[in-house]
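Here are the chains, one letter per residue:
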Amino acid sequence: MKVHDLSRFAIILASLQIVLFAKSHADDIVLPMTAENFGRSWERLDGPAGRIISAVVQVTNNQLTYQIHSPSHSFKAFLEGRYTCVSPDAKIYYDASYDFIESEPFRETEWVVVHHQNKPPIDTAEDLKGKRVGLLYDPEILRTVVPQEGVVYDVYGNLATNLRKLEKGRLDAVIVPKLGMQLYVQKTRDLGPLTFDPDRPLAIIQDRVLCHNTPRGQEVISIVNAALGELKVNALQN
């Protein structure tokens, strides 16, 4: 083998080692950063979902690793297989063709409809037909929450922007997690001409850890379920 061939082989081998190292140290779970799930800190796990996942990680003696990213990056990276799991999420949001597995539920997300006070309320998915509706996520992701046909969707990942469009009449409604809407109300103190009914959710989805059906994915689900069971037992005992 010539010298330049040896050099080329060494470069290829080094590259393979880097890739294998990265894969062996990839984080298990990606967490989409939203205030209603994880609070407002990128440095620690807070919020309802964050506290549960933090407890799960502690109970498992750090057998699980995670990263916090923006929702757009998190879901895209998970679907591309760059992370084994994502949470909170659920199989029910996705088409059956995806080979996903999920943990036991650990909380719920209630989706509510924000609309103008002086217009008829929108209580069901059927009421959305023929409307212009603002969403934080693509309607395909929310296929069990909103109709896939007969609605004009405006997808923008910022709640305040969606609500401004609604207030100006560019939208007829905005679909948002109830807790996210309640946090927004706490912050702004005033919805102006807009309203929503927290007691009449459009849909209620159980939140879980969602994983690709791989050996590591199966291992993560087993670890998470065991941890959730232990946390429930501890809560009952206390």
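The paragraphs below set out a description of the structure included in this document. The structure displayed is predicted, hence computed values, not measured ones.

**What to know about helix 4 (residues 71-79)**
- Within the sequence span of helix 4, burial applies to Pro71, Ser74, Phe75, Ala77 and Phe78. Down the axis of helix 4, the smallest arc covering the buried residues is 165°, so these residues share one side.
- At its buried positions, helix 4 is contacted by strand 1 (29-32), strand 2 (66-69), strand 3 (85-89), strand 4 (100-102) and strand 10 (203-212).
- Looking one or two residues past helix 4, Gly81 carries a phi angle of roughly 85°, positive in sign.

**Some points on the packing of aromatic side chains**
- This model, assessed by the stated rule, comprises 6 aromatic pairs.
- When the ring of Phe78 is compared with that of Phe100, the centres are 5.1 Å apart and the planes differ by 40°; the resulting orientation is tilted. Here Phe78, found in helix 4, pairs with Phe100, found in strand 4; they are 22 residues apart in sequence, far enough to count as distant. This pair shows no difference in class: Phe78 is buried, exactly as Phe100 is.
- A ring pair is formed by Tyr94 and Phe100, whose centres lie 5.2 Å apart and whose planes are at 85°; its orientation type is edge-to-face.

**Digging into the pattern of salt bridges**
- All chains considered together, the criterion is met by 13 salt bridges.
- The salt bridge involving Arg51 is made with Asp46; its shortest N-O contact spans 2.8 Å.
- For Arg51, a relative accessible area of 48% puts it in the partly exposed group.
- Between Glu80 and Lys76 there is a salt bridge; the shortest N-O distance is 2.7 Å.

**Digging into the packing of helix 5 (residues 159-167) against helix 6 (residues 178-188)**
- With their axes 11 Å apart at the nearest point, helix 5 and helix 6 run at an angle of 80° to one another. On the basis of the axis angle, helix 5 is roughly perpendicular to helix 6. Packed against helix 5, whose contacting residues are Leu159, Ala160 and Leu163, the element helix 6 presents Gly180, Met181 and Tyr184 at the interface.
- Its residues assigned to classes, the contact of helix 5 with helix 6 comprises 5 nonpolar, 1 polar and no charged.

**Focus: the layout of surface pockets**
- The volume enclosed by the largest pocket comes to roughly 490 Å³.
- What lines the largest pocket is a set of 19 residues, among which Ala35, Glu36, Gly157, Asn158 and Leu159 lie closest to the centre.
- Of all the secondary-structure elements, those providing two or more residues to the lining of the largest pocket are helix 2 (35-38), helix 5 and helix 6.
- With 5 residues, the single largest contributor to the lining of the largest pocket is helix 6.
- In terms of residue class, the lining of the largest pocket is built from 10 nonpolar, 6 polar and 3 charged.
- By volume, the second largest pocket is sized at about 170 Å³.
- Pro71, Ser72, Phe75, Lys76, Leu79, Leu136, Tyr137, Asp138, Ile141 and Val155 together form the lining of the second largest pocket.
- With 5 residues, the top contributor of residues to the lining of the second largest pocket is helix 4.
- Along the lines of polarity and charge, the residues of the lining of the second largest pocket split into 7 nonpolar, 1 polar and 2 charged.

**Observations concerning the pairing of strand 8 (residues 173-177)**
- Counting buried residues in strand 8 gives 5 out of 5 residues, a clear majority hidden from the surface.
- Across 4 bridges, the pairing between strand 5 (residues 107-116) and strand 8 is antiparallel. Looking across to strand 8, one finds that Val113 is bridged to Ile175.

What counts as what
Residues numbered from 1 in each chain as written. Predicted model: local features only at pLDDT ≥ 70, side-chain atom pairs only at ≥ 80, totals over all residues. Heavy atoms only, no water. Buried < 20%, exposed > 50% of the residue type's maximum accessible area, 1.4 Å probe, protein only. Helix = DSSP H or I, 4+ residues; strand = E, 2+ residues; numbered from the N terminus. Arc of directions from axis to C-beta. Contact = heavy atoms within 4.5 Å. Phe/Tyr/Trp six-rings, centres within 6.5 Å; stacked < 30°, edge-to-face > 60°. Salt bridge = Lys/Arg side-chain N within 4 Å of Asp/Glu carboxyl O. Axes fitted to C-alpha atoms, helices over the stretch in contact; angles between N-to-C directions. Parallel < 35°, antiparallel > 145°, perpendicular 65-115°, else oblique. Nonpolar A, V, L, I, M, F, W, Y, C, P; charged D, E, K, R; others polar. 1 Å grid on protein atoms, 1.4 Å probe; cavity = no way out; pocket = protein on both sides within 12 Å on 5 of 7 lines; lining within 4 Å. Points joined across faces, edges and corners; volume = space filled by probe spheres on them. Pairing = 2+ DSSP bridges.

Any functional reading would require information that these geometric values do not contain.
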